[in-house]
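Coordinates in review
Residues per chain are reported as follows:
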Amino acid sequence: MRVLIIEDEIKTAEYLQQGLSECGYTVDYALTGVDGIHLFRNHQYALVLLDVNLPEKDGWSILQEIRLGSDTRVIMLTASGRLSNKVKGLDLGADDYLVKPFEFPELVARIRSVLRRSEKITETEALKIADLEIDSARHCVY
Ligand code: CA
């Protein structure tokens, strides 16, 4: 499953990339909103981890651009836990919201939770070829 991280702090981006790669995700990251949108338009991502405070283009406008033509899951990452920010993010179509600093296991749990929700929606599109069935949610092949 492919994940895109849009985060301008390179240490955070690299840390998240490494951690999520170890969890089995394919991870790309972009350090600016412009690069992030470019990557997003050129690849199929299951999930975007989106920092709010970014140079050039902030996380809110990136979220709006993503939502114009896609229902890719989005988790906002921000230093602000203010309620108004959470409401704004969810209103703009974010699937979840995590306040920095966060613990890595919580991020992974939220990613799994958000992806489970989208898997339920696309459950009918399970991979079936003849009598072979691939259940990616359970990592099983029947
Ligand atoms: Ca930032």
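Residues numbered from 1 in each chain as written. Predicted model: local features only at pLDDT ≥ 70, side-chain atom pairs only at ≥ 80, totals over all residues. Heavy atoms only, no water.

In the structure shown here, the tally under the stated rule is 1 aromatic pair. Both rings, one in Tyr15 and one in Phe104, keep their centres 5.8 Å apart while their planes meet at 70°; by these two values the pair is edge-to-face. With a gap of 89 residues between them, Tyr15 in helix α1 (residues 10-22) and Phe104 in helix α5 (residues 104-121) connect regions that are remote in the sequence. You can call Phe104 buried: its relative accessible area is 17%. (Phe/Tyr/Trp six-rings, centres within 6.5 Å; stacked < 30°, edge-to-face > 60°. Helix = DSSP H or I, 4+ residues; strand = E, 2+ residues; numbered from the N terminus. Buried < 20%, exposed > 50% of the residue type's maximum accessible area, 1.4 Å probe, protein only.)

Let's shift gears to the sheet that holds strand β3 (residues 47-51). Here 5 strands make up an open sheet; going across it, the order is β2-β1-β3-β4-β5 and the pairing parallel. Of all the strands in the sheet, the pair left with one neighbour each is β2 (26-30) and β5 (96-99). Direction aside, neighbouring strands of the sheet carry axes that sit 20° apart on average. Packed on one face of the sheet, α1 meets β1 (2-6), β2, β3 and β4 (73-78) and runs near 170° to β2. Running over the sheet, helix α3 (residues 59-69) touches β1, β3, β4 and β5 and is turned about 180° from β4. (Pairing = 2+ DSSP bridges. Axes fitted to C-alpha atoms, helices over the stretch in contact; angles between N-to-C directions. Contact = heavy atoms within 4.5 Å.)

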